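# Residue-level structure breakdown
Each chain, letter by letter, is given below.
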Amino acid sequence: MVWRILIGVIVVIAVAFGTFYAWAWRGEIPPLQAHDASSFDPSIVARGAQLAAVASCDVCHTKAGGKPYAGGYPVKTPFGTIYGPNVTPDRETGIGTWSAVAFRRAMREGVTRKGQHLYPAFPYDHFTYATDSDINAIYAFIMTREPVRQANRPPDIVFPLNIRLFAAGWKLLFLHRGPYRNEADKDDSWARGAYLTVSLGHCGACHTPRNKFGVEEQNRAFDGGEGEGWRAPPLNENSRAPVPWTADAMFNYLRHGYDTVHGHTAGPMANVAHNLSKASEKDVRAIATYVTSLSGARAGAANPESIKTAVTAASKLTAPAYGGTPAHQTTGSAAGKDSLGAKIFTGACVTCHHSGGGLPVSRPIDLGLSTVINEDDPTNLLHIILTGIHPLPGRAGRIMPGFEGALTDAQVVALADYLRTRFSHRPHWNTVAGALAKIRHQRQTAATEAPQ
Amino acid sequence: MNAPDLRLSRRLVLATGGALVVSFALFPNAFAQDAGAKPPGDLAKFPMLDSWIAIDAHGAITVFTGKAELGQGIKTALIQCAAEELDVDPSAITLVTADTERTPNEKYTAGSHSMQDSGTAILNAAAQVRAILIDLAAKRLNIPVEQLHAKGGSIVADDGRSVAYKDLISGRELHRTAQAKPSLKNPKDYRVVGKKFSRVDIPGKLTGKPSYVQDLRPERMLHARVVRPPSYGAKLTDIDIAAVERLPGVVKVVRDGSFLAVATQEEFQAISAMNALADAAKWDETAQLPKQADIYAYLRKLPSQDTTILERGNAGESGARSIRATYHRPYQMHGSIGPSCAVAKYEANKLTVWTHSQGVYPLRDSLAKMLKMPTKQIHCIHVEGSGCYGHNAADDVAADAALIARAVPGRPVRVQWMREQEHGWEPFGPAMLSDIYGAVDAGGKIVAWQYDVWSNTHSMRPGGPGNLLAGQYVAQPFTPDAPKPIPMPEGGGDRNAIPIYSAPNIRVISHFIPQMPLRVSALRGLGAYHNVFAVESFMDELATAAKADPVQFRLRHLDDPRARDVINKAAEEFGWGLKEKLARGHGHGFAFARYKNLAAYCAIALELTVEHETGVIQLGRVVAAVDSGQAVNPDGIRNQIEGAIVQSASWTMLEHVTFNARDITSRDWSSYPILRFPALPVSVDVHVIDRPGQPFLGTGEAGQGPMAAAIANGVAHATGVRIRALPLSPANVKAAIGI
Amino acid sequence: MTVLTVNGKEHSINGDPNTPLLYVLRNDLKLNGAKFGCGLGQCGACTVLVDHQPVYSCLLPISVLEGRQITTLEGLGKNGEPSPLQRAFIEEQAAQCGYCIPGMIMRAQGLLNRKAAPSDAEIRAYMQPNLCRCGTHMRILRAIRRAVKDMRTARAEPVR
């Protein structure tokens, strides 16, 4: 009896595994014998360049200081680090032998040309929704890049997740296949934006929270998530932006990395904005239209008058130009004028973050307008205090110096508490010290990295 | 011979140890000059030997120069010149630099002229002082001069006897007029000139000794800041200063028309008070700047004064192949790392200004007019500032300091510009454009060359008081001087507009545009930066048309053997032409120029890569060869050329001033990025070709133009795309090379 | 009153505790090393070490610096002798106008405090925040490399 049960169980497992394996098995797609970069229609290559910018392909497929698309960028996941592979058309180390069919399969199903399953750090759960013509355009763009010979670095993933079949299991359970069934081709900005946001833009990859399997929680879409140690703020009605987003403001932010009442992109979002500056303007407007609509009633209420009211209210919180501490503050609290935070702010921050008419000329937005100070989590504010804001090398762009090294942990905490109390009406943060310790730990791993 | 001169000599004044230092020795009496030949360098203008060199009763040797240390190492090189011909240890020499009460009026320290003007003067003056000392010793020891030589501060006889210089000088022996052709040492015998010799100013600067005007802290000094208007020409219509006067530490708020400033006890108080004043001030703004995107078309349409500076044959001649091209260079800034600063003190109707101006005498004259004071009541003393690379805000801040000091008599006032003020208000290097037509014949020789260049002036130095920023804003404002072109052969906007290469048919026209939409003046190299960029880029274009190697093509059109040597040296050290085929995105670039066609020769060869996806240029090896004539301090020359290469790389690859309809918008390093460490070349090697005995050739600006063109040529080689508008920024390069 | 520890010595500073360190170093303590460059944390001319790490002294109020070790250019050497890094800069003649160099030396010292033998790429990356306008960069790099070598041979203690 026991035998029978055991055999039965084994058979069931074997059958299940066999079925799964059969399901999971992907054959090799024959290699391209050769490809001719000049065979691609230049207008399709150009379109592909713009779509690759929407997808920010270069971010994960280029390591710091490395050649574009040649891979090596470490994508840190809770399960280990995956290194973005070389996607230049090099035949040995890149994807020079991939046909359009293989490329589409990779984008849709997360499988290499040879049939190996890819980890979902590659957001095929989003790319799967992309249309054939868009994927083909990206393929044309990629295959016309400079081939770079650079071997891929294997992932540092914990056992047993390092068995690739786990990725297939993940897909079985969680991957919803595209393509996108909405009116992607409809000449409607919102619909186009919805399509791009969900597919190539893969905005949810950071802005939607993930469960313990690393799966986006679709019932909480765009409710805020995480990317590279930064908080990706909610894009839905839970947005903490002091001033409601409008499609125009969102367009400025996405396209130029800056909006006058929302400020600058920072952290991973700075790369996204840099990429979107190269995308089609129409597509960026479409994304802005759709993303803005996510905040529902708040977006609906955004009109010039309500924006003005919100801006005025937020600006009132902002610091005076000179001569010490904010007048309205009571003593004793975290924002009291004798508090440590107030002292740091007055000595270190007011030089730039004041509201007067003097210097500097290129001033940041009023801190009362700042989303990071109004978010539920202090992580982004702490990142910015520690490492500042920096443009791409050699490019014009706002610089804020980081205060890592200059301020002690206690001082950073005091400053963050002060900023929260002083420039936001939202409740006190209880998590500053913990969040700071986490960031400090992350940063210590890169000991000789350039201080910012 | 000299007529008897009863005036007081400096040497006497110094010897008596008095504080009163008189500059009478600077002026030769009417009979002093021999007719005919003039002495070399600025010795011609100030022929009295004791204007340049004094030896006191203790043997202390003081050398005077009207030039100023700007970080180019001039102090060291001048000391070397003096020590060489005086046969003393360089450490025995005290050098006094630009000071309106002590040194010759050598006008500006600019145009790579210092070694030519002052170095030559000091070398020759020192040689004559040595001859005088030998004469005196001959009389003292009763030995023929042939048996005497100078050594270590003494005149030594062949028989072993010696007399120290101090014992030979009792009075006014050096108050003599310079000879036209003094007998200089044979360069073979040089012990100091041309040898390795460390900069005299570096140890102090690197250990925190007071070295800059910023470091001056006279007793009872006040700190001051100026509130500049929000835009060019804005008028201060209203301000309530009472609240600011009550701020901590405020000693004085100074308002004179639209000039607004505050002096305080502590420096940070001055900054706070400046911000408060800016808040309180109401301005009437009227500035209307042209559209930045259309600036070149705008400049081209402005009225211009056109001068044909060279014409030979028919410049429109056609050849086997011909090319037309237009080159552009944007407004660029000096961008000193330390914003301009000055200290001034007004006391007993006398004004003393410590300044890093490039011309203390012209500044003094301008201040006198602005303040309506007699010139002799103003004393301008050069103290080093942060490197300026031309006419930056040094004179402006000196004028600010003078106005504020006059309002707080008896107290020294230190005025420090803020970063945004320096970026926004300094006079920029002007935007320029040029059209070129060129043709080559079937044999690959240039047959025709036409060059038209459009430019504003490259010098709005003081000058009249209207050239000082404050002078334009005081209650009774002064208008800036009418801009003038700098004439050939040196030229301003047309500096290096005439190609050094031979062409049978040629015409070069300089279009001088008097109207200045943005405030401009001299930036290192003046028009040569643009013209060399254009001419040397175009030489590569013609070489391509002639299917010739760029280096060979240049040599084919050059006769000057020194030019050829420099080109060959750079090519050889680089290994030019040895590498047959380069990988995609890799390029080699070459360029050459003789600065002003009369100063130093400089050739640059370099390798670079252009990242196709981003348009980012990464420089690899850079190799330069330079001929500055007799090299006084070879490492100083290398330092200057290295600096020019890196600075020009920054200008060329990154920099342009930005502006909107009203105001300058590149107001700090975030809006005006310059080169940072990660973007540096892999290496920079400078090879100095020494020419012993040859005249000194100015070096400081020789590298700017060639570096710009070498980069542009390298980019063209790497990408196959010729970019003719600066900067070669990632965005511009990417736009040019496409997807 | 604020008590600052600068180059190992305690100083009592009267005056506004909000004052950035730079002005106190230059005016109250008459130390010339740290320079005003931008006041915005963009150029590094004002760099000093606080607890061995490079910071912008133009943006750090003295009120937050009590009890912390501040080192300026003047505090690098010993007994009036320049430090190994200063010596290397002098030997390489790594200055033109020299205005930015004290900040360069301080940042480089911050790097050597952290890593005794950095690679060339690490040096370039680490020096990124500091600007030089004369174009002395190549000499600055040579000087840092020379100091690394000298200090290794001399087994010199990194100066803190």
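## Points about the interface of chain B and chain C
- Listed per partner, the contact involves 65 residues of chain B and 54 residues of chain C.
- For the pair chain B and chain C, the two sides together bury roughly 4,700 Å², of which 56% comes from carbon and sulfur.
- On the chain B side of the interface with chain C, the three residues burying the most area are L206(B), R217(B) and F677(B), jointly 19% of the side's total.
- Our count for the contact surface shared by chain B and chain C stands at five salt bridges.
- A salt bridge links E642(B) to R139(C); the shortest N-O distance between them is 3.1 Å.
- Connecting chain B to chain C are 35 residue pairs in polar contact (both at pLDDT 80 or more).

## Re the packing of aromatic side chains
- Under the defined criterion, the tally for this structure stands at 19 aromatic pairs over all chains.
- Their ring planes at 55° and their centres at 5.4 Å tell us that F345(A) and F423(A) sit as a pair that is tilted. On the criterion of sequence distance, the pair formed by F345(A) in helix α15 (residues 340-349) and F423(A) in helix α18 (residues 409-423) is long-range, its members being 78 residues apart.
- F423(A) gets classed as buried once you look at its relative accessible area, which sits at 0%.
- Between Y212(B) and Y99(C), the ring centres sit 5.4 Å apart and the planes meet at 80°, which makes this aromatic pair edge-to-face. Taken as a pair, Y212(B) in the loop between α5 (202-207) and β7 (222-227) and Y99(C) in the loop between α2 (84-91) and α3 (101-114) lie in two separate chains rather than in one.
- Clustering of aromatic rings is evident, with ring pairs tying together F40(A), F103(A) and Y139(A).
- The ring of Y108(B) carries the charged tip of R461(B) above its face, separated from the ring centre by 5.0 Å.
- The aromatic ring of Y99(C) is capped on one face by K35(C), whose charged end is 5.9 Å from the ring centroid.

## A closer look at the domain arrangement of chain A
All names here are of chain A.
- For chain A, the assigned domains are domain 1 (2-174), domain 2 (189-299) and domain 3 (319-444).
- Between the C-alpha centres of domain 1 and domain 2 the distance comes to 25 Å.
- Facing 23 residues of domain 1, the contacting portion of domain 2 comprises 25 residues.
- The contact between domain 1 and domain 2 buries some 2,000 Å² in all, and 60% of this surface belongs to carbon and sulfur atoms.

## As for the side chain of E426(B)
Residue and element names in this part refer to chain B.
- By the element assignment, E426 lies in the loop between α11 (419-425) and β18 (432-440).
- R419 provides the closest opposite charge to the buried, salt-bridge-free E426, at an N-O distance of 6.4 Å.
- Not counting the four nearest positions on each side in its chain, E426 is found in contact with M333, H334, G335, Q421 and R519.

## Considering the interface of chain A and chain C
- The interface of chain A with chain C comprises 22 residues on the first partner and 23 residues on the second.
- Summing both sides of the interface, chain A and chain C together bury roughly 1,900 Å²; the carbon and sulfur share of this comes to 63%.
- Remark: the boundary between chain A and chain C carries zero salt bridges.
- Scanning the region where chain A abuts chain C turns up four residue pairs in polar contact (both at pLDDT 80 or more).
- Its residues placed into classes, the side of chain A that touches chain C shows 12 nonpolar, eight polar and two charged.

## A word on the pattern of salt bridges
Residue and element names in this part refer to chain B.
- In this structure the tally under the stated criterion is 59 salt bridges over all chains.
- For the salt bridge of K350 with E101, the shortest nitrogen-to-oxygen distance reads 2.7 Å. Of the two residues, K350 is situated in strand β15 (residues 350-355) and E101 in the loop between β3 (93-96) and α3 (114-141); the sequence distance between them amounts to 249 residues.

## A few points about the domain arrangement of chain B
Residue and element names in this part refer to chain B.
- Partitioning chain B into domains gives domain 1 (10-206), domain 2 (213-285 + 334-425) and domain 3 (302-332 + 428-458 + 493-737).
- On a C-alpha basis, the centres of domain 2 and domain 3 stand 38 Å from each other.
- Across the boundary between the two partners, domain 2 contributes 17 residues, which contact 18 residues of domain 3.
- For the pair domain 2 and domain 3, the summed buried area comes to about 1,600 Å², and 51% of that belongs to carbon and sulfur atoms.
- At the junction of domain 2 with domain 3, the criterion picks out one salt bridge.
- As a salt-bridge pair, R519 and D396 come within 2.8 Å of each other at their nearest N and O atoms.
- The interface formed by domain 2 and domain 3 contains nine residue pairs in polar contact (both at pLDDT 80 or more).
- A per-element tally of the side of domain 2 that touches domain 3 places α11 first, with five residues.
- Split by residue class, the side of domain 2 that touches domain 3 holds five nonpolar, eight polar and four charged.

How each quantity is defined
Residues numbered from 1 in each chain as written. Chains lettered and ligands numbered in written order. Predicted model: local features only at pLDDT ≥ 70, side-chain atom pairs only at ≥ 80, totals over all residues. Heavy atoms only, no water. Contact = heavy atoms within 4.5 Å. Buried area = accessible area lost by both parts, 1.4 Å probe. Salt bridge = Lys/Arg side-chain N within 4 Å of Asp/Glu carboxyl O. Polar contact = N/O pair within 3.5 Å; in protein donor to acceptor, adjacent residues only side chain to side chain. Phe/Tyr/Trp six-rings, centres within 6.5 Å; stacked < 30°, edge-to-face > 60°. Helix = DSSP H or I, 4+ residues; strand = E, 2+ residues; numbered from the N terminus. Buried < 20%, exposed > 50% of the residue type's maximum accessible area, 1.4 Å probe, protein only. Lys NZ or Arg CZ within 6 Å of the ring centre and 35° of its normal. Domains from an automatic or database assignment. Lys, Arg positive; Asp, Glu negative; His and termini not counted. Nonpolar A, V, L, I, M, F, W, Y, C, P; charged D, E, K, R; others polar.

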